[in-house]
Amino acid sequence: GTAERCNTMTASWGGVGELWGKYVSTIYIRPQRYTLEFVEREEYYSLCFFGPEYRQALSLCGSKSGRDVDKDAATGLTPCFDQAAPYYEQARLVFLCRKLYRQDMEESAFLDKGLLEKWYDNDLHRMFIGEIVKVLEKE
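Throughout what follows, the structure given in this document is the object of discussion.

Each value, and the rule that gives it
Residues numbered from 1 in each chain as written. Predicted model: local features only at pLDDT ≥ 70, side-chain atom pairs only at ≥ 80, totals over all residues. Heavy atoms only, no water. Pairing = 2+ DSSP bridges. Helix = DSSP H or I, 4+ residues; strand = E, 2+ residues; numbered from the N terminus. Axes fitted to C-alpha atoms, helices over the stretch in contact; angles between N-to-C directions. Salt bridge = Lys/Arg side-chain N within 4 Å of Asp/Glu carboxyl O. Buried < 20%, exposed > 50% of the residue type's maximum accessible area, 1.4 Å probe, protein only. Polar contact = N/O pair within 3.5 Å; in protein donor to acceptor, adjacent residues only side chain to side chain. Contact = heavy atoms within 4.5 Å.

**Some words on the sheet that holds strand β2 (residues 22–29)**
Strand order in the open sheet formed by five strands is β1-β2-β7-β6-β3, with antiparallel pairing between adjacent strands. Both edges of this open sheet fall to β1 (14–19) and β3 (44–49), since each of them pairs with a single strand only. Adjacent strand axes in the sheet meet at a mean angle of 40° when their direction is disregarded. Direction of pairing for strand β6 (residues 93–104) relative to strand β7 (residues 126–137): antiparallel, over a ladder of 11 bridges. Bridge pairing in β7 places R98 opposite E131.

Dropping the structure here:
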């Protein structure tokens, strides 16, 4: 999002690595998630990593929609705004990422069809690959 309007979600699916000569993150967002609107619209997104003391706040961010709840107010998390993307002051580690690629997952691409039955109900993720352009770490 932006300094005026942003949204967060808790996710455990994703990864980091190297691709196309760049350090990248890979994230997956279901089509019904409010956060998808923001990631689609903006050039950058952030990944924030928290200590265990924030487990309850992160649980709320993963179970409630920003369409219905002001997650910042409900959790006490404090948004900060880099030139690229919003992130949270309480995060111990932040990756700021510039989108490079996106693609919708397709049923026909699944080699193990059991994954479709176990994890999906006609709501396949959209995948994004973003270059990690900045890392912020608390000392």
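This is not the end of the story, as more comes after the structure.
**Some details on the pattern of salt bridges**
A complete count under the given rule lists nine salt bridges for this structure. With a closest N to O distance of 3.8 Å, E131 and K22 form a salt bridge. Of this pair, E131 sits in strand β7 while K22 is found in strand β2, placing the two residues 109 residues apart along the sequence. With a relative accessible area of 30%, K22 lands in the partly exposed category. When the shortest N-O distance is used, the salt bridge between E131 and R98 registers 3.2 Å. Taken as a pair, E131 in strand β7 and R98 in strand β6 lie far apart in primary sequence, 33 residues in all. Given a relative accessible area of 18%, E131 falls into the buried group.

**Observations concerning the side chain of E42**
You can see E42 is positioned in the loop between α1 (35–41) and β3. Here R41 takes part through its side chain, which lies 3.3 Å from a polar atom of the side chain of E42. The residues touching E42, leaving out its near neighbours within four places in the chain, are G1, T2 and K99.

**A look at the pairing of β2**
Relative to β2, β1 is paired through six bridges, and the arrangement is antiparallel. Counterpart to V16 in the pairing with β2 is S25. Count of turn residues in the β1/β2 antiparallel hairpin: two residues, of which W20 carries a positive phi of about 55°. Relative to β7, β2 runs antiparallel, the two being bridged by six bridges. If you follow I29 over to β7, its bridge partner there is R126.

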